[in-house]
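# Inside the fold
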Amino acid sequence: MKIDVVTLFPKMFESPFDESIIKRAIKNKIIDLKIHNLRDFAIDNYGSVDDKPFGGDVGMLIRVEPVFNVLEKIKKENKKFKNKKIILMSARGKKLDQKKIEELAKLDNLVLIAGHYEGMDQRISDYMVDEELSVGDYVLTGGEIPAMVIIDAVSRLLPGVLGKDHSSKNESWSEIEIDGKKIRTEEYPQYTRPQEFMGHKVPEVLLGGDPKKIKEWQLEQIRKKNQ
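Read on for an overview of the structure. These numbers come from a predicted model, not from an experiment.

## Comments concerning the sheet that holds strand S5 (residues 84–95)
What the 5 strands build is an open sheet, ordered S2-S1-S6-S5-S7; its pairing is parallel. The sheet is open, and its two edges are formed by strand S2 (32–37) and strand S7 (131–134), each paired on a single side. Across the sheet, the mean angle separating the axes of adjacent strands is 30° when strand polarity is ignored. Here 5 bridges tie S5 to S7, and the two strands are oriented parallel to one another. Each bridged residue has a counterpart across the sheet, and for Leu88 the counterpart in S7 is Glu132. Along the sheet, helix H2 (residues 64–77) makes contact with strand S1 (2–7), S2, S5 and strand S6 (109–114), crossing S2 at roughly 155°.

This is how it looks when you write it as structure tokens:
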């Protein structure tokens, strides 16, 4: 998957994606991550990308021209991708959930725009992006961290990113079918050594080695949490 990020603060993405699973996915070319500095498309030699809003409101808005220009560049670079989306990270966007992450993981090209200041010119939302997404009912200083959340969540669903492809299934916020109904799951309890710690023991069923009984126990734990 090709992932493009448009941001005013490209250095914010260096450390989070230079470690662990995502770093390995980039190295193995499962993910092609490219960060675009919006100031490279500034309207003047001073690096200006924002301006005061019409109507007298306070704060500054991202201007339409820099965003248009960077998106045009990205579109030219990604002509070969047919299945793609442009998403604006915005506090007023639709709240992100696992269903949306699974949808995004099927794309060939994902473009994320990290908003900043008091927001962006409305024409960016109306004519340049496919949708707006929010990571929750709170306000952050910018869209960089929400963009990282999407990249992390989407990446782990891509084949080959995790050690075992099945390890991303049937976990928190996935849907499975139990008793003929699709329910949103929480992870069942898991244990490792020692078998007993401060009087608390690992459930006997997990020590017996019977896959059928273990699966039944896991499903029963999920049922209990969803009652």
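Here the narrative resumes.
## As for the nonpolar core
One broad rule of soluble globular proteins: the nonpolar side chains tend to lie buried together. Residues Leu104, Leu110, Leu112 and Ile150 are the most contacted members of the largest nonpolar core, which totals 27 residues. Tallying contributions element by element places helix H5 (residues 144–155) first for this core, with 6 residues. Once you skip the residues sitting within four places of it in the chain, Leu104 turns out to touch Met1, Lys85, Ile87, Leu110, Leu133, Ile150 and Val154. Counting 19 residues, the second-largest nonpolar core is a separate cluster that includes Ile62, Val111, Ile113 and Val129.

Calculation rules
Residues numbered from 1 in each chain as written. Predicted model: local features only at pLDDT ≥ 70, side-chain atom pairs only at ≥ 80, totals over all residues. Heavy atoms only, no water. Pairing = 2+ DSSP bridges. Helix = DSSP H or I, 4+ residues; strand = E, 2+ residues; numbered from the N terminus. Axes fitted to C-alpha atoms, helices over the stretch in contact; angles between N-to-C directions. Contact = heavy atoms within 4.5 Å. Core = buried A, V, L, I, M, F, W, Y, C linked by side-chain atoms within 4.5 Å. Buried < 20%, exposed > 50% of the residue type's maximum accessible area, 1.4 Å probe, protein only.

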